[in-house]
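Observations on the model geometry
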Amino acid sequence: RKAHSIAVIPGDGIGTEVTPEGVRALKAAAERFNIDLTFEDFDFASCDYYLEHGQMLPDDWKAKLSRFDAIFFGAVGMPEKVPDHVSLWGSLLQFRREFDQYINLRPCKLMPGIKSPLADRQPGEIDFYVVRENTEGEYSSIGGKIFEGTPRETVMQETVMTRTGVDRVLKYAFELARKRPRRKLTSATKSNGISITMPYWDERVKAMHGAYPEVAVDQFHIDILAANFVLHPDWFDVVVASNLFGDILSDLGPACTGTIGVAPSANINPEGDFPSLFEPVHGSAPDIAGQGVANPIGQIWCGAMMLDHLGHEDAGKAILDAIESVLAKADPGVLTPDLKGQGTTRDLAQAIIEAI
Ligand code: NAD
Ligand code: IPM
Ligand code: MN
């Protein structure tokens, strides 16, 4: 029985409310499936830590976290206290880059019992993955500001696409599409307007398709792709996108499934050289933080993805089944306000844990 050690980083806002519920769900699954999980909590990667230490992370964060098998992360950001680019570039974006978590896998599924804001959409009609490039692209630190404070003030920030970086996310997406029944891959592009990086992206998609002739490929420019998420969500199976496009699509997709509160994500280093990180798609939600009403499902589903990643697919599936069974009951006393219920974070989590 192999032991897995998990670093738990709650972060800020509702991150501190949903991570404990995620850990309780993981413990329930671990007990049922006889998995040896150990957890250690960290207070860094939070704005309170920043206000005390002047930085988001301790100097030795990489050594501290490297020895874990995975990182279970909540959310970071308290824009009233610390500018978002400072808190995020000082924490989450460092983890993704330094741990080379170049895949951000974000499932998007309309669950039984949930009403989609898209009229008449039924469970089964929205069920796809966004595979987001997670280490380069539009999220680059190359750029600068000149002529500051003058009428000629100018800012610029480069988009970076490396052949390695593009090919590895495409390969992952093709592999995923190949294993799914529909074997369909959609590429998010904008090669009509962004005339250097995006045509390159398209060219690499074409080249990689050569190795996966069994996968049907289409592509849309990001503007109409966003529209089609709303108009035809049933068209999609695996959607591969650059860092920024993937970010946008992975809030839009889950919104079409009722609420972003249910959406999980896996920041994966597929080679296993570094720990992978599991966090909900949503942020710290300062508008509802402290009220105990955040939807815990995104965080709990992250636990399922983490167990899958650690080789315990049966336990991961049990968590997802538990989530689905609780949602299918559609009990307004249990569901959180984002799902039109009156339940608390604890009520919804408790129902799922009991189902596990
Ligand atoms: P957000 O995801 O925190 O919130 C957007 C809206 O969705 C809010 O109205 C919020 O109440 C609601 N919401 C989010 N999660 C919910 C949940 N689990 N249950 C119910 N409702 C939920 O996005 P934002 O407002 O743009 O960002 C707030 C802060 O979080 C910012 O500092 C931002 O940078 C940060 N952020 C962090 C992450 C992350 O750590 N991965 C992700 C996104 C945003
Ligand atoms: C996400 C978030 C982050 C991102 C922010 C908080 C930097 O929106 O994980 O989707 O843009 O990647
Ligand atoms: Mn996002």
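Residues numbered from 1 in each chain as written. Chains lettered and ligands numbered in written order. Predicted model: local features only at pLDDT ≥ 70, side-chain atom pairs only at ≥ 80, totals over all residues.

Taking an unreviewed UniProt entry as the reference, the chain is identified by name as D-malate dehydrogenase (decarboxylating) belonging to Chromohalobacter israelensis. The Catalytic activity (unreviewed entry) field of the UniProt record for the chain holds the comment "(R)-malate + NAD(+) = pyruvate + CO2 + NADH". Its UniProt record gives the chain the following Sequence similarities (unreviewed entry) comment, quoted word for word: "Belongs to the isocitrate and isopropylmalate dehydrogenases family." (UniProt positions renumbered as here; feature names shortened; annotations may be inferred.)

Let's talk about the sheet that holds strand β1 (residues 3-11)
Pairing in this open sheet of ten strands is mixed, and the strands run β2-β1-β3-β12-β11-β4-β5-β10-β8-β9 from one edge to the other. Of all strands in the sheet, those bounded by a partner on one side alone are β2 (36-41) and β9 (216-221). Across the sheet, the axes of successive neighbouring strands diverge by a mean angle of 25°, strand direction being ignored. Pairing of strand β3 (residues 70-75) with strand β12 (residues 276-280), which is carried by three bridges, proceeds in the parallel orientation. Counted as the bridge partner of Ala-70 is Ser-276 from β12. Strands in contact with helix α1 (residues 15-33) are β1, β2, β3 and β12; relative to β3, the strand with the most contacts, it is inclined by about 145°. Sitting on the sheet, helix α6 (residues 163-179) is in contact with β4 (103-109), β5 (127-133), β8 (184-189) and β10 (238-241), with an inclination near 165° to β5. (Pairing = 2+ DSSP bridges. Helix = DSSP H or I, 4+ residues; strand = E, 2+ residues; numbered from the N terminus. Axes fitted to C-alpha atoms, helices over the stretch in contact; angles between N-to-C directions. Contact = placed C-beta atoms within 7 Å.)

Some thoughts on the domain arrangement of the chain
Along its sequence, the chain is organised into domain 1 (1-101 + 264-356) and domain 2 (127-256). Look at where the C-alpha atoms of domain 1 and domain 2 centre, and you get two points 25 Å apart. The interface is formed by eight residues belonging to domain 1 together with seven residues belonging to domain 2. Here the side of domain 1 that touches domain 2 takes three residues from helix α5 (residues 92-98), the largest share from any one element. When its residues are assigned to classes, the side of domain 1 that touches domain 2 shows three nonpolar, two polar and three charged. (Domains from an automatic or database assignment. Nonpolar A, V, L, I, M, F, W, Y, C, P; charged D, E, K, R; others polar.)

Thoughts on the site of ligand 2
Close to ligand 2 lie Leu-88, Asp-247, Val-281 and Gly-283. Looking at the shell around ligand 2 residue by residue, the class counts come to two nonpolar, one polar and one charged. (Near = placed C-beta within 6 Å.)

Some words on the UniProt feature "domain: Isopropylmalate dehydrogenase-like" (unreviewed entry) in the chain
Mapped onto the present numbering, the UniProt feature "domain: Isopropylmalate dehydrogenase-like" (unreviewed entry) falls on residues 5-352. End C-alpha atoms of residues 5-352 are separated by 23 Å, and the span's content is 39% helix alongside 19% strand.

Topic: helix α10 (residues 297-309)
If you check α10, its first and last C-alpha atoms are 18 Å apart, about what 13 residues at 1.5 Å a residue would give, namely 18 Å. Buried within α10 we find Ile-297, Gly-298, Gln-299, Ile-300, Trp-301, Cys-302, Gly-303, Ala-304, Met-305, Met-306, Leu-307 and His-309. Summarising the contacts, the buried residues of α10 are in contact with α1, β3, β11 (264-268), β12, α11 (313-329) and α12 (345-355). Gly-311 lies just past α10 and shows a positive phi near 95°. (Expected span 1.5 Å × (residues − 1). Buried ≥ 20, exposed ≤ 12 C-beta atoms within 10 Å, placed from the backbone.)

Concerning the environment of Leu-327
The topology assignment puts Leu-327 in helix α11. On the basis of neighbour count, Leu-327 is assigned to the buried category, with 23 C-beta atoms found within 10 Å. C-alpha separation for the pair Leu-327 and Gly-113, spaced 214 residues apart in sequence, amounts to 5.3 Å. Excluding anything up to four places from it in sequence, Leu-327 contacts Met-111, Pro-112, Gly-113 and Ile-114.

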